[in-house]
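# Close look at the chain arrangement
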Amino acid sequence: QVQLVESGGGLVQVGGSLRLSCAASGGTFSTMGWFRQAPGKEREFVAVIGWNPGNIFYADSAKGRFTISRDNAKNTMYLQMNSLKPEDTAVYYCAAGSRIPALFTIRNVDYWGQGTQVTVSS
C-alpha cells in the first residue's frame, strides 16, 4: 500500500523558513512534487522533481525562495522554504506519479499525502 507522509509544517513569522519532508512507502516514484491549497482557493502546483535531481520545475511564486530535493535512497522528498510570506499560508500536499516533471499536474498525480499546514504570520 502506497503512503506519502508529510511533516515539517508549522507556524512561522514572515521571512522565516521551514523544511517540509515527504516520506514515501509502498513504492518508488519517478516524479514527486508539492502542491498547496489555501483557504477558499484551488489546489495549486508549487514544485516538482524527477528521479534525476536536475529535472526540477517551480511555480513562479516559489522560484528563488523554495528548493525541492529528494533522497532516493531514503525514498524521501523535501521542500526548503525560505523568505516565507503570508500568502504562502496553505496546506502543503506531497504528490507522486509517473508523468515526467514537465507534465506533472494535479490531474496527473497518482498518489497524494494527507497534507501539512504551513502558516506564515505577519
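Before going into details, it helps to say that this report is about the structure given with it. (Residues numbered from 1 in each chain as written. Predicted model: local features only at pLDDT ≥ 70, side-chain atom pairs only at ≥ 80, totals over all residues. Heavy atoms only, no water.)

Moving on: the environment of Tyr78. By secondary structure assignment, the location of Tyr78 is in strand β8 (residues 76–81). Judged by its relative accessible area of 14%, Tyr78 is buried. Remark: the alpha-carbon pair of Tyr78 and Trp112, spanning 34 residues in sequence, is separated by 15 Å. (Helix = DSSP H or I, 4+ residues; strand = E, 2+ residues; numbered from the N terminus. Buried < 20%, exposed > 50% of the residue type's maximum accessible area, 1.4 Å probe, protein only.)

The next subject is the packing of aromatic side chains. For the structure on display, the rule yields five aromatic pairs. Plain terms: the ring middles of Tyr93 and Trp112 are 6.3 Å apart, the flat faces sit at 85° to each other, and that makes the pair edge-to-face. A residue pair is termed long-range when its members are at least 10 positions apart, and Tyr93 in strand β9 (residues 90–97) and Trp112 in strand β10 (residues 111–112) qualify at 19 residues. According to the relative accessible area criterion, Tyr93 is buried, its value standing at 13%. The class of Trp112 is partly exposed, set by a relative accessible area of 31%. Within the aromatic cluster, the residues linked to one another by ring pairs are Phe35, Phe45, Tyr93, Phe104 and Trp112. Here Arg19 stacks its cationic end above the ring of Tyr78, 4.0 Å away from the centre of that ring. (Phe/Tyr/Trp six-rings, centres within 6.5 Å; stacked < 30°, edge-to-face > 60°. Lys NZ or Arg CZ within 6 Å of the ring centre and 35° of its normal.)

So, about the nonpolar core. Ranked by internal contacts, the top residues of the largest apolar core, which has 26 residues, are Met32, Trp34, Leu79, Met81 and Tyr92. Of all the secondary-structure elements, those providing two or more residues to this core are β3 (18–25), β4 (31–37), β5 (44–50), β7 (66–71), β8, β9 and β11 (116–121). Here Leu79 is in contact with Leu18, Arg19, Leu20, Trp34, Val46, Ala47, Phe66, Thr67, Ile68 and Tyr92, once residues within four sequence places are set aside. Phe35, Val48, Ala95 and Val109 belong to the second largest nonpolar core, which has five residues in total. (Core = buried A, V, L, I, M, F, W, Y, C linked by side-chain atoms within 4.5 Å. Contact = heavy atoms within 4.5 Å.)

This part covers the side chain of Glu6. Along the chain, Glu6 turns up in strand β1 (residues 3–7). It is Arg43 that comes nearest to the buried, bridge-free Glu6 among opposite-charge side chains, at 7.6 Å. At 2.7 Å, the side chain of Glu6 forms a polar contact with the backbone nitrogen of Cys94. In this structure, Glu6 is in contact with Ser21, Cys22, Trp34, Tyr92, Tyr93, Cys94, Gly113, Gln114, Gly115 and Thr116, ignoring residues within four places of it in sequence. (Lys, Arg positive; Asp, Glu negative; His and termini not counted. Salt bridge = Lys/Arg side-chain N within 4 Å of Asp/Glu carboxyl O. Polar contact = N/O pair within 3.5 Å; in protein donor to acceptor, adjacent residues only side chain to side chain.)

A few words now on the pattern of salt bridges. Under the definition given, this model contains four salt bridges. Residue Glu44 is joined to Arg36 by a salt bridge in which the shortest nitrogen-to-oxygen separation is 2.7 Å. The buried category is assigned to Arg36, whose relative accessible area is 6%. As a salt-bridge pair, Asp88 and Arg65 come within 2.7 Å of each other at their nearest N and O atoms. Here Asp88, found in the loop between β8 and β9, pairs with Arg65, found in the loop between β6 (56–58) and β7; they are 23 residues apart in sequence, far enough to count as distant. Here Asp88 falls in the buried class, since its relative accessible area comes to 0%. Note on Arg65: relative accessible area 11%, which makes it buried. Connected through shared salt-bridge partners, Arg36, Glu44, Arg65 and Asp88 make up one network.

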